[in-house]
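# Coordinates in review
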Amino acid sequence: MSDPERKNPAAPIEGNNAAALEELHTPPMRLQFGPSHPATHGTVKITLDLEGERVVWSDVEVGYLHRGFEKECETGYYYQNIPYTDRLNYSSPILNNTGYCMAVEKLFGIATPERCNHIRVIGGELSRMADHMLCIGASAMELAAFTPMLYLIEGRELLLDMIDSLCGGRVTTNFVRIGGISADMPENFPEFARPRLDRALKLFEDADKLLTENPVFRRRMEGTGYLSSEDLIAWGVTGPMLRAGGVPYDIRRVHPYLVYGELDFDVPVGRHSDNFDRYLVRLEEFRQSRRMILQCLDRMPGGPVDADDPRVRWPGKGRVFNRMEELIDQFKLVTEGGMPPAGEVYHAVEAANGELGFYIVSDGTGKPWKCRCRAPSFSNISPLAKMITGGQLADVVPTFGMINMIGGECDR
Amino acid sequence: MAVQVVNVRRPAATFSSAKPWLAILKGMWVSTRHFLGNLGLFLRGRQDFAIHFPEQRLVQPPALRGMPVLARMADGKERCVACGLCEWACPTSCITIYPAETADEVERYPEIFDIDMSRCMFCGLCEEACPEEAIIMSRQLEIASYTRAGSLWHKADLLVPVEQLKTRTDYIRRNYER
Amino acid sequence: MSAEKPGDSAAAAPELSPLLKTALERLGDRVLEHHSARGDDRIHVARESILETARILRDDPELSFDLLLDVTAIDYLGQPDDFETKLRVWDRNSASMRRQPQRRHELVLPPRGPHPRFAVVYHLTSTKRAHRLRIKCRLPEDDPKIASLTPLWPAANWLERETWDLYGIVFEGHPDPRRIYLYEEFVGHPLRKDYAKQGEQPIQEYVGPGAKEPRRPH
Ligand code: SF4
Ligand code: SF4
């Protein structure tokens, strides 16, 4: 922030100062940063033109993880696409499951029971905590702070244990179903979760103590990657990055879904819109997520976890074994998929990196005509070239780390 | 709605810039504390810092989804009736079934039941689709093989006595009467 | 679940959502159709007026749609019309209901319909007022061109590149019309309905430095 030099607009290479450059005998050097670079966690190629240590031009290329998610979705039934959404943002899969299933539920016009909503919030917030831990840990490691990474990974393991006991997979969760969740939470889950949440928070606080006041870390984070709040909005940036720019746009607050409207939580916003504020916003969101989980565990209502809607939810196995109607229903649902009415919906949830929207167009059959995923990482990384041009080469690493671009989600 | 917007507090810049050594000392104290704590646990004989894999195994929760296997009944036959629902539900199309007729009470059985484990993603949709509780996600996670043909599991390899799948069947039976 | 038929907006006026009411007031007859279903509001505009429409939506203080969420396209190959304006009731005998569930990896090309094949879809939201709006423009198959929104939102840059890459929609006035996910030599646009899911691409000869050197045999 303090260094006005950094915000200077980029000087074009062939432009007016070409002569000056030649005089100084420093022809700009082209550097290929990525696609697989040890200092980035994400598969992206950044082409940089360097003048000494200063970046004068840059170009960002994504697409190294493109797997055709949308094409794949168009050829599968609605229920078959849920496992694919795990692979979008693979560090917070339950949030993606929830986003997709809620979009399909909106298409069907289904309301899920309270208990299901609470468990979805718990799973989603656990995923968000794990995602923030990984983001902070990996970014700190790229800035040569290795110890916090170890603590955060240990804490993340505890969170993944909880996710594992909920749905049977650590990162390939496949947890949420259209109109419900795959299984009710285990009976001992609250007792299992509370000590682990405390331990994870303690490890998180330790990493916070190591990083937040560390002068080296602060000097690399403060003032780098600056983008004004108007620019952030114009570039379509959402999530912690936008909130660090002082815009309190959080879908859990603006369009509350599930039970977020009834929970107490704070939406942290920053003031300086630099990497350090993005880091601080993530720190605070971690604590708020924990608060939300504890509230949900306290409020946990009883009752069923699945909507009673035979159009989408497969009948319970006990009934399939013993009753003819349910058996036929099971066969129909598996081989035709649930058939929503024709139409289109857009539903967005607040994922760990921003607004994760699903835009689904249905033609009335069991397969979506189109299933579009509005990935937060994709929009968040698009201003990267603008953010790093004019800065130092060393600032690329924290800026990229704090965008937290997840290849699976950005490239789909 | 009790959602508030709060500003994040940025620790005063003067503290760390004026006394960087203080911040570094604090950090060193944190890592020393971790070191001493772990050392104490080690001396007291705690062994779970690392799981020595082939000898020791991680304790997995009952919800664990391992590779899908076929349940074998007490008479040595599979429970599967080759209805093909799991084949249909599988998102990656990794199940291949050739049904055949049998004189038994169930009338049909799978002559060939192959799962291509190199494509399976352990999603568990086949288990959810099966109307016979015949395909079950086991606790088996070690499926590596030296050849590509080795990752194609045939019916004979997939059959597991149903008693060995008790943890999982107990788990899925919780939602039977949904 | 209620849908107005195009043209009878006057009859449906009392049910208009407040957002649509304001938007219709500001946009006048630029809006060809409007529509709200399942809580989503949506307007149709002609492609000639997309830039103007977007500018009004962004700059009007009461609407202030400042955040462009998404740009994408829909390929309505062989479909009678937009699924939502002609909202079909649960009719097992209609054409699309009768389509049997196909096995995956199969491509059955439906016949071309009389309606424009593509639609470009924009999703807008406002960070000041919590509302969302969807804008749709239909584009014919033989001339899939529309003005780029990059002058208004830099966010459109990558999103439009993606839509060009996957659907082949040309955005006129785009500053950087490259493909974004796929390589430049890729033939076709994979999200079009006539591109087979298992479609194969011709092998590209590498023409860069060192191209003449013998390749290592695989
Ligand atoms: S676990 Fe999933 S991918 Fe594997 S066989 Fe079953 S349905 Fe197919
Ligand atoms: S769904 Fe069950 S019974 Fe049917 S073929 Fe598969 S394993 Fe056999």
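Parameters and conventions
Residues numbered from 1 in each chain as written. Chains lettered and ligands numbered in written order. Predicted model: local features only at pLDDT ≥ 70, side-chain atom pairs only at ≥ 80, totals over all residues. Heavy atoms only, no water. pLDDT = per-residue confidence, 0-100. Helix = DSSP H or I, 4+ residues; strand = E, 2+ residues; numbered from the N terminus. Near = heavy atom within 4 Å. Nonpolar A, V, L, I, M, F, W, Y, C, P; charged D, E, K, R; others polar. Domains from an automatic or database assignment. Buried < 20%, exposed > 50% of the residue type's maximum accessible area, 1.4 Å probe, protein only. Pairing = 2+ DSSP bridges. Axes fitted to C-alpha atoms, helices over the stretch in contact; angles between N-to-C directions. Contact = heavy atoms within 4.5 Å. Parallel < 35°, antiparallel > 145°, perpendicular 65-115°, else oblique. Left-handed = near helix turned anticlockwise from the far one by under 90°. Buried area = accessible area lost by both parts, 1.4 Å probe. Salt bridge = Lys/Arg side-chain N within 4 Å of Asp/Glu carboxyl O. Polar contact = N/O pair within 3.5 Å; in protein donor to acceptor, adjacent residues only side chain to side chain. Phe/Tyr/Trp six-rings, centres within 6.5 Å; stacked < 30°, edge-to-face > 60°.

### Examining the confidence of the model for chain B
In the predicted model, chain B carries a mean pLDDT of 82, and 93% of its residues have values of at least 70. Helix α1 (residues 13–18) of chain B is the least confidently modelled element of chain B, averaging 55 in pLDDT, while strand β5 (residues 135–137) of chain B averages 89, the highest of any element.

### Quick look at the site of ligand 1
Lining the immediate surroundings of ligand 1 are C90, P91, T92, C94, I95, C120, M121, F122, C123, G124, C126 and M137 of chain B. Along the lines of polarity and charge, the residues of the shell around ligand 1 split into 10 nonpolar, 2 polar and no charged.

### Observations regarding the domain arrangement of chain B
What the domain assignment lists for chain B is domain 1 (19–43) and domain 2 (68–175). When each unit is reduced to the centre of its C-alpha atoms, the spacing between domain 1 of chain B and domain 2 of chain B is 51 Å.

### Describing the pairing of strand β2 (residues 40–45) of chain C
Residue and element names in this part refer to chain C. The buried fraction of β2 amounts to 6 of the 6 residues, a majority that puts the element mostly inside the structure. What you see with β2 is no split at all: D40, R42 and H44 on one side and D41, I43 and V45 on the other are buried throughout. Judged from the 6 bridges that link them, strand β1 (residues 31–37) and β2 form a sheet pairing that is antiparallel. Along β2, the bridge assignment pairs S36 with D41.

### Comments concerning the site of ligand 2
As a matter of local geometry, ligand 2 sits amid 14 residues, with C80, C83, G84, C86 and C130 of chain B nearest to it. Among the residues forming the shell around ligand 2, the class breakdown is 12 nonpolar, 1 polar and 1 charged.

### Digging into the sheet that holds strand β5 (residues 132–139) of chain C
The strands making up a sheet associate through hydrogen bonds between their backbones, and the pairing can be parallel or antiparallel. All names here are of chain C. Overall, mixed pairing links the 5 strands, which are arranged β1-β2-β5-β4-β3 in an open sheet. Sheet topology places β1 and β3 (67–75) at the edges, where each strand pairs with a single neighbour. Taken pair by pair, the neighbouring strands of this sheet meet at an average axis angle of 20°, ignoring direction. Along the sheet face, helix α4 (residues 156–167) touches β3 and β4 (118–125) and points at about 10° away from the line of β3.

### Let's talk about the packing of helix α5 (residues 114–142) of chain A against helix α6 (residues 146–167) of chain A
Residue and element names in this part refer to chain A. Viewed as axis vectors pointing N to C, α5 and α6 meet at an angle of 160°, and their least axial separation amounts to 8 Å. In terms of axis orientation, α5 runs roughly antiparallel to α6. Once α5 is placed against α6, the crossing between them reads as left-handed. Between α5 and α6, the contacting residues are I119, G123, L126, S127, M129, A130, M133, L134, I136, G137, A138 and M141 on the first element and F146, M149, L152, I153, G155, R156, L159, M162, I163 and L166 on the second.

### Quick look at the interface of chain A and chain B
You'll often see interface size given as the accessible area lost when the parts meet. Taken residue by residue, the interface counts 70 residues in chain A and 53 residues in chain B. For the pair chain A and chain B, the two sides together bury roughly 5,200 Å², of which 55% comes from carbon and sulfur. Taken together, chain A and chain B are joined by 2 salt bridges. In this structure, D206 of chain A and R33 of chain B form a salt bridge, with 2.9 Å as the shortest nitrogen-oxygen distance. Joining chain A to chain B, the criterion identifies 15 residue pairs in polar contact (both at pLDDT 80 or more). Here strand β6 (residues 265–269) of chain A runs beside strand β1 (residues 3–7) of chain B; their pairing, made up of 5 bridges, is parallel. Residue pairing for β1 of chain B: V269 of chain A is matched across the bridge by N7 of chain B.

### Re the pattern of salt bridges
The final tally for this structure, using the stated rule, is 62 salt bridges over all chains. As a salt-bridge pair, K106 of chain A and D40 of chain C come within 2.9 Å of each other at their nearest N and O atoms. Taken as a pair, K106 of chain A in helix α4 (residues 93–108) and D40 of chain C in strand β2 lie in two separate chains rather than in one. Each of the salt bridges in this network shares a partner with another, and the network as a whole consists of E125, R128, R243, D250, R252, E285 and E350 of chain A.

### Quick look at the packing of aromatic side chains
Aromatic ring pairs are described here by two measures, namely the spacing of the ring centres and the angle between the planes. Residues and elements named next belong to chain A. What the rule picks out here adds up to 12 aromatic pairs over all chains. Between Y100 and F358, the ring centres sit 5.7 Å apart and the planes meet at 80°, which makes this aromatic pair edge-to-face. A residue pair is termed long-range when its members are at least 10 positions apart, and Y100 in helix α4 and F358 in strand β8 (residues 354–362) qualify at 258 residues. Assessed through its relative accessible area of 0%, Y100 is described here as buried. Between F204 and F286, the ring centres sit 3.7 Å apart and the planes meet at 10°, which makes this aromatic pair stacked.

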